[in-house]
Each structure stands twice: as structure tokens, then as C-alpha cells.
Amino acid sequence: MASISLKTEIPGPLSRALVARREAATPQGAAKLTPLAIVRAHGATMTDADGNTFLDFAGGIGMLAVGHTPDNVVEALREQASELIHMCGIVASHDAPVALAERLNAAAPGSEPKRTLLMNSGAEAVEAAVHICRSHTRRQGVVVFDGAYHGRSNLTLAMTSKFNLFKRGFGPFAPEVYRFGFPNVYRRPGGMTEAGFVDWHIELLGHNFTAVVDPAHVAAVVVEPVQGEGGFIPAPARWLRALRDLCTQHGILLVADEVQCGMGRTGRLWACEHSGVVPDLLTTAKSLGAGLPISAVVGRADVMNAPHPGGLGGTYSGSPLACVAALAVLDTLATPSFLRRATELGDRMRVRLVALQAALPNLVGDVRGLGPMLAIELVKSAAGREPWMEATAAVNAATLQRGLVTIRAGLHSNCVRLLPPLTLSDAEVDEGMDVLHQATLEVAAKMGAA
Ligand SMILES: Cc1ncc(COP(=O)(O)O)c(C=O)c1O
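A brief structural summary.

Attention shifts here to the overall build of the chain. Across its full length, the chain carries 14 helices and 17 strands. Its C-alpha atoms give the chain a radius of gyration of 22 Å, near enough to 22 Å, the size a compact globule of 450 residues would have. The principal-axis extents of the C-alpha atoms in the chain amount to approximately 65 × 60 × 45 Å. Across the 450 residues in the chain, those meeting the buried criterion constitute 50%. Counting contacts in the chain only where the partners sit at least 6 residues apart, residues at least 24 apart contribute 73% of the total.

This is how it looks when you write it as C-alpha cells:
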């Protein structure tokens, strides 16, 4: 039986009414990608106020590796809510945050002893990671990359790329942030091989540590093993390993920002496992809490212990509710079949995306990602690779009209990224990919894509 069931025009009248109230009550700056008013969701489906059921391939922007309202998370929340909703970690201790820190320490890559700091959002985790690195190294510089997204606080906005959408009008930004190029192999100069391009980017790292900032000034290099907002661009493994070596050589701490690509999203618990690179610290959030606001910095104990007692924390950090949700999520991710299934899903989705590219070789310029973290990049022609933002918006709108929620990504907002729950059935994958295929063909025909 199909998962998608549409009963009204999209958006329906009740969705339109709520969105109108939202627009009257909240500022226009608060981002909104669809006109839907959702009232309930389970697994990979969401139902709106008008009774329409959608397949969710946005997953709350990658929050839902374990799907909407998973039974074990709901049960853990019910039990916890009747016992203790809040216990500020600055005031007293509670079992759930301690158990979660122990679990994350044990699950983090690398054999050295670990410590975990719990926070509430991805941006907070990244910002805390930078503070910890500065405290440990007694240096100030932070190196980030083209296309990076690290959040919307002042420091993480400074670290974020894509100026017009995220940063315009909000400066001045935090100082001591240095940006290097990121090896996006799809956009390598014509005629250059992939291997040659990666070699060139490895050379550029050395060059940038002279031309942009001296390594002795740098506390941390913060890198997404797979860029998320940047358009699902996996960092080439060889380049990541070279970056690791340079950091070690210069006493710089390597921070893997796994807020979007971690927690099983790439078919491994941590995306950095694909390259074998062990970061000094990593940040995680999104799917960790199955929708509850929670994030963590997990890293080497000697580094994590650098800040003075009382230097880290927050009133909400380690919320018992968010922590029991995260513990239930980790139980699910630890099931041996879960990550295996996630990889299978990725393979099944990739086959369909490659078929779409074969059908529309000039529009679908690239199919890429790692495991089930997949995106297509839409361009005006295969040879010219001019980003086609309008076609991407049209595909997102066309899938929605057919009951599939998809969202965009990329420096040029010209990628359709797929972040479905990793609990999808084969039938749900096929139904979603059929919709994406048809919607893209329709847009190509309407917009005159060759
Ligand atoms: C890699 C990465 N880092 C940090 C963030 C910021 O997370 P949050 O929105 O929870 O602050 C995001 C959010 O998309 C992200 O993808």
C-alpha cells in the first residue's frame, strides 16, 4: 500500500491558514521551506492538518535517522517525564546525562580516554568545541572551509560559508576565523583528474598554512567529513588524512563537525570512520535526540579537560528528557542490522539517482554522497555546470505536490538533498524515488532542460 495519500490541494486550507498565522506572528527571517502544517508523524510519514499524508525525505533536516516518534523514544520520554523533566547539571547530577556521556565516550573513534560535554544545539556544540580547543592549545585561530555550515551563533556564523543566505547584515563576526578551499571534486577544473585535484588540494593545505595563517597560531581545524548545507560533498579520504597529519604535525586540534553527517547518516555511526581519520574532538547533534534538542562534544579527555572548572555548561544542558531520548536512539543505532540496512538504503537510492542522471544528463550534473546521505546537483548543462537554483526549487515544489517532502542544499541552493529516516522500507524508498524521478522529469520538460 502506498504511504502517500493526498486528499486536498497542496497546501490544503488548514495548512494555508496556519502558515498565514505563522507569517503574522513570526518574523519573515525565520526560515520556512514548505507551506505545510504538520499535526502528527510516525516512521517516514507525516500527516498535515488537512489529512494529507506525506513521505518525509527531509527528516527535519537530518534529525530523524531513527524516524519520527520511534516507540522506544516515546516510551522513554513518557517514563522520564513523570519522574523528572529538568535537572540543571550545574545544580545537581542525574543518571541520564552521565549514562549518555559514558555511551558517547565508548562509541567515539580512537583508543584514547574520552569525555563528553552535552549542549542543546549543533551551533552550541561547535562553539564549545572551539572554546575547548583554544583553552587547550592557548592559541586563537580556527580554520574552516569553503561551503561549511556550522550554525547561526556569532562565532559559528563567522565559521559558516554562503554569505548571502546566512550572514548578510549580521556582522561584524567573531575574529580569528580563517577559510581554506574545500576539495569539491565535481567542480574541479576541466581536464583535471579526480586524483590530481585531490593532490592539488593537499598541496594547497600547506600553501594556506603560509599564505592564510601560520599553523602555530591555529587552535583548531573544524571540518565536516561530508559537507551538509554545502551540498552533501564528501571530503576525499586522502585529503582528510593529509589534513589529520598536518594537524598532528603542527599541534592543531582536528574537530569533525558531524552534526549533520554523524549518527548513522552515512551508514556508519560516525562519518569519519569511512576515511579512518580519528579527530581529536567531534560534534554531534540532530539525529542524536530523535528530534529532542541535544548536542554533544566528544573528544580526547586531556583536551576536553582543558577549560577550568565552571568554564563550560548551560542551564538546559543534559536535559533528562533529551538524554533518555538519545539513549534510546543509541540503542537503536547499536543494533547490528541498523547500519547495515542504512547502507542498503543508500545503495537502493543511489541506483535510482544514477538512473535519473542517465535520463537527464544535462540537468542532473552530479549524484554524490556517502552511504544513504545522497544529493543530486542540478545544472543548466553538463558541460558548463552552471548552478540551476530555480530548477531545484521547482523540483522541491513538484515533489511536494506529489506528496514527497524534499529540501535543497548547496552553496548555490542547487542540490536536492535526501535525508529520509533510515528506517524506510524498500517500498517507501521506491515510492519516494518514483516521485522524485517523475517530478524532475516534469520540471525538466517545463523548464526546457535539454
Ligand atoms: C554540520 C553542521 N554543524 C552545525 C549545525 C548547526 O546546528 P543547529 O542548527 O542545531 O545549531 C548544522 C545544522 O544544520 C550542521 O549541519
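Past the structure itself, the notes keep going.
Pairing is antiparallel across the open sheet formed by 4 strands, whose spatial order is E13-E14-E17-E16. The sheet is open, and its two borders are formed by strand E13 (364–370) and strand E16 (407–409), each paired with just one other strand. Within this sheet the neighbouring strands show an average axis-to-axis angle of 30°, counted without direction. Inspection of the sheet shows E16 paired to strand E17 (residues 415–418) by 3 bridges, in the antiparallel sense. Bridge assignment links Ala 409 to a residue of E17, and that residue is Cys 415.

Neighbouring the ligand are 15 residues, the closest being Ser 121, Gly 122, Ala 123, Val 259 and Gln 260. When residues of the shell around the ligand are assigned to their parent elements, the largest contribution, 3 residues, is made by helix H5 (residues 122–137). Among the residues making up the shell around the ligand, the classes are represented as 6 nonpolar, 6 polar and 3 charged.

On to the pairing of E13, then. Extensive coverage of E13 is indicated by the burial of 7 of its 7 residues. In the sheet, E13 pairs with strand E14 (residues 373–378) via 6 bridges, with the strands oriented antiparallel. From the neighbouring strand, Leu 370 faces E14, where its bridge partner is Met 373. Hairpin connection, E13 to E14: the antiparallel pair is bridged by 2 residues, and Gly 371 has positive phi, about 55°.

Calculation rules
- Residues numbered from 1 in each chain as written.
- Predicted model: local features only at pLDDT ≥ 70, side-chain atom pairs only at ≥ 80, totals over all residues.
- Helix = DSSP H or I, 4+ residues; strand = E, 2+ residues; numbered from the N terminus.
- Rg over C-alpha atoms; globule rule 2.2 N^0.38 Å.
- Buried ≥ 20, exposed ≤ 12 C-beta atoms within 10 Å, placed from the backbone.
- Contact = placed C-beta atoms within 7 Å.
- Pairing = 2+ DSSP bridges.
- Axes fitted to C-alpha atoms, helices over the stretch in contact; angles between N-to-C directions.
- Near = placed C-beta within 6 Å.
- Nonpolar A, V, L, I, M, F, W, Y, C, P; charged D, E, K, R; others polar.

Everything listed is a geometric property; what it means functionally is a separate question.
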